[in-house]
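# Breakdown of the fold
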Amino acid sequence: MKVMVIGAGGREHALAWKLAASPRVQCVFVAPGNAGSAGEDGVVNVAASGVEQWLDFARSEGVGLTVVGPEAPLAAGVVDAFRAAGLRIFGPTAAAAQLESSKAYAKAFMQRHGIPTARYAVFDDPQAAHRYVDEAGVPIVVKADGLAAGKGVVVATDLAQAHAAIDQFLVGRTLGNAGARVVIEGFLEGEEASFIVMVGAGQALALATSQDHKRLRDGDLGPNTGGMGAYSPAPVITPQLHARVMREVIAPAVQGLAAEGTPFTGFLYAGLMIGADGTPQVLEFNCRLGDPETQPILMRLKSDLVELIELALDGGLDQAQAQWDRRVALGVVMAAAGYPEAPRSGDPIDGLPAPDADCRVFHAGTALAAERVITAGGRVLCVTALGDTIRAAQRRAYETVDRIHFEGAQFRRDIGHRAAGRTGARGAA
Ligand code: AMP
Ligand code: GLY
């Protein structure tokens, strides 16, 4: 079978690598992919962009399965278009993808279905939003309603920050229409974890748990980014908590979407805040795999990903078991100079190692120029290693990071610090 992956990041490089490893797959096309996917055996980058070109390409090449990486094509209705054309695709329809593309929709959905989340209010009138913040006090979180590529959330610790965020989103329209409405919600304390499941035919199969590091600098300081590193499993998700999240978050979400006439198919990602008492609350839903969480998760996946996706599409996830490497996988993101505000492109990358079974460098913002790999985006690489312990995985990943060079590279030295701090702890898969 020929498979197509839509997207250009580290998540898509990892997906293409894993899908190409399936004995069922003859060739994986990545649209548009990056220099890393171009170098994988059995993977070919294609220049197609936009729903019409993806459809044309899938039809003319006889692509038997398409997997969508990022949220924007989902919100734009790529799944609806492929289904209407009778083509197999794994991802939610635009209607189901609202769970990510509108935070106001997601919050109301969670409230309707009793899914634990912070209390909230929605505003399009700035004066009403300012009044609400004055009454509620800080800390408080101001979120743009629409897709904002990680720039739409302000965790305000003083009132001035909250008021400024309201003015930027609603009045200044710094995020365009994505900020035409804001969700203002209560601040939650605790430890974050990424809980990603595959969904199809009303059934859900949990992938391995993971944890992301969103801030740019060591010690969780500096600006928010798309994610500077991740590891799997997340020890904060104990087996008991895993069962509770499946029961209190995933099952009502999957059943609720189906009951409302927008059944979900695809990867569903619950961003969780685990309180000190072990209570999970949902910070956000994403309707796709996480990036960089996918890179360590797929390093640990021993099952055939194509088979799991087919079970999801055909109804059989309730019988499925995913097999996971017992080891820890940890990915360190290397980002370009100037990331996240103004990443610089075009710097040559040296020292990229040949992949081996325990360490792979997944590319994100890279391109080929005169047979050299150069930087071509904010997050450039995700160096991902397996180890018997979190410290062993860290050691292996950082040994490789230290051999790779490009001008102005930014990366954190402390990916995995939370798990490393819990000596001996081991959570659910
Ligand atoms: P989101 O895109 O909604 O996940 O928000 C991005 C980041 O902002 C999250 O990963 C959290 O670190 C933080 N955040 C979002 N909502 C809250 C909240 N209600 N309380 C505390 N932190 C939050
Ligand atoms: N790493 C966070 C996300 O993919 O949304």
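Everything in this summary refers to the structure shown in the same document.

Rules and cut-offs
Residues numbered from 1 in each chain as written. Chains lettered and ligands numbered in written order. Predicted model: local features only at pLDDT ≥ 70, side-chain atom pairs only at ≥ 80, totals over all residues. Heavy atoms only, no water. Helix = DSSP H or I, 4+ residues; strand = E, 2+ residues; numbered from the N terminus. Rg over C-alpha atoms; globule rule 2.2 N^0.38 Å. Buried < 20%, exposed > 50% of the residue type's maximum accessible area, 1.4 Å probe, protein only. Contact = heavy atoms within 4.5 Å. Near = heavy atom within 4 Å. Polar contact = N/O pair within 3.5 Å; in protein donor to acceptor, adjacent residues only side chain to side chain. Areas by Shrake-Rupley, 256 points an atom, 1.4 Å probe, with all protein chains shown as cover. Phe/Tyr/Trp six-rings, centres within 6.5 Å; stacked < 30°, edge-to-face > 60°. Lys NZ or Arg CZ within 6 Å of the ring centre and 35° of its normal. Core = buried A, V, L, I, M, F, W, Y, C linked by side-chain atoms within 4.5 Å. Pairing = 2+ DSSP bridges. Axes fitted to C-alpha atoms, helices over the stretch in contact; angles between N-to-C directions.

As a further point, take the overall build of the chain. A count of helices and strands for the chain gives 14 helices and 22 strands. By the compact-globule yardstick of 22 Å for 429 residues, the chain fits well, its C-alpha radius of gyration being 21 Å. Taking the principal axes of the C-alpha coordinates as reference, the chain spans close to 60 × 45 × 45 Å. Here the chain, with 429 residues, has 58% of them falling under the buried criterion. In the chain, the share of contacts with a sequence separation of at least 24, taken over all contacts with a separation of at least 6, comes to 68%.

Moving on, we get to the site of ligand 2. Around ligand 2 sit Asp212, Lys214, Gly226, Tyr269, Asn286, Arg288, Gly290, Asp291, Pro292 and Glu293, and those are all the residues in its vicinity. Take aspartate 212: an N or O atom from its side chain is 2.8 Å from a nitrogen atom of ligand 2. Arginine 288 is positioned such that a nitrogen or oxygen atom in its side chain is 2.9 Å from an oxygen atom of ligand 2. With the chains in place, 90% of the 200 Å² that ligand 2 exposes on its own is no longer accessible.

A few words on the packing of aromatic side chains. Inspection of the entire model under this criterion finds five aromatic pairs. For the pair phenylalanine 123 and tyrosine 132, a centre-to-centre distance of 5.2 Å together with 55° between the ring planes defines the contact as tilted. The ring of tryptophan 17 has lysine 18 lying over it, and the distance from NZ or CZ to the ring centre is 5.3 Å. Note that arginine 288 overlies the ring of tyrosine 269, its terminal NZ or CZ placed 6.0 Å from the centroid.

Proteins that are soluble and globular tend to have nonpolar side chains buried together. Counting 50 residues, the largest nonpolar core has Met4, Val78, Phe82, Phe195, Ile237, Leu268 and Phe285 as its most contacted members. Looking at which element gives the most residues to this core, the answer is helix α10 (residues 239-259), with seven residues. Not counting the four nearest positions on each side in its chain, valine 78 is found in contact with Ile6, Val51, Trp54, Val68, Pro73 and Ile89. Of all hydrophobic cores here, the second largest spans 38 residues; its members include Val5, Leu15, Phe90 and Tyr269.

Turning next to the sheet that holds strand β6 (residues 120-123). As summarised here, the arrangement of the four strands in space is β6-β9-β7-β8, forming an open sheet in which the pairing is antiparallel. With partners counted over all chains shown, the strands left at the sheet margins are β6 and β8 (153-156), one partner each. Ignoring strand direction, the axes of neighbouring strands in this sheet form an average angle of 20°. Where strand β7 (residues 140-144) lies against strand β9 (residues 182-186), five bridges are found, and the strand directions are antiparallel. Considered in β9, the bridge of valine 142 is made with isoleucine 184. Where helix α9 (residues 159-171) meets the sheet, it contacts β6, β7, β8 and β9, and its direction lies at approximately 10° from that of β7.

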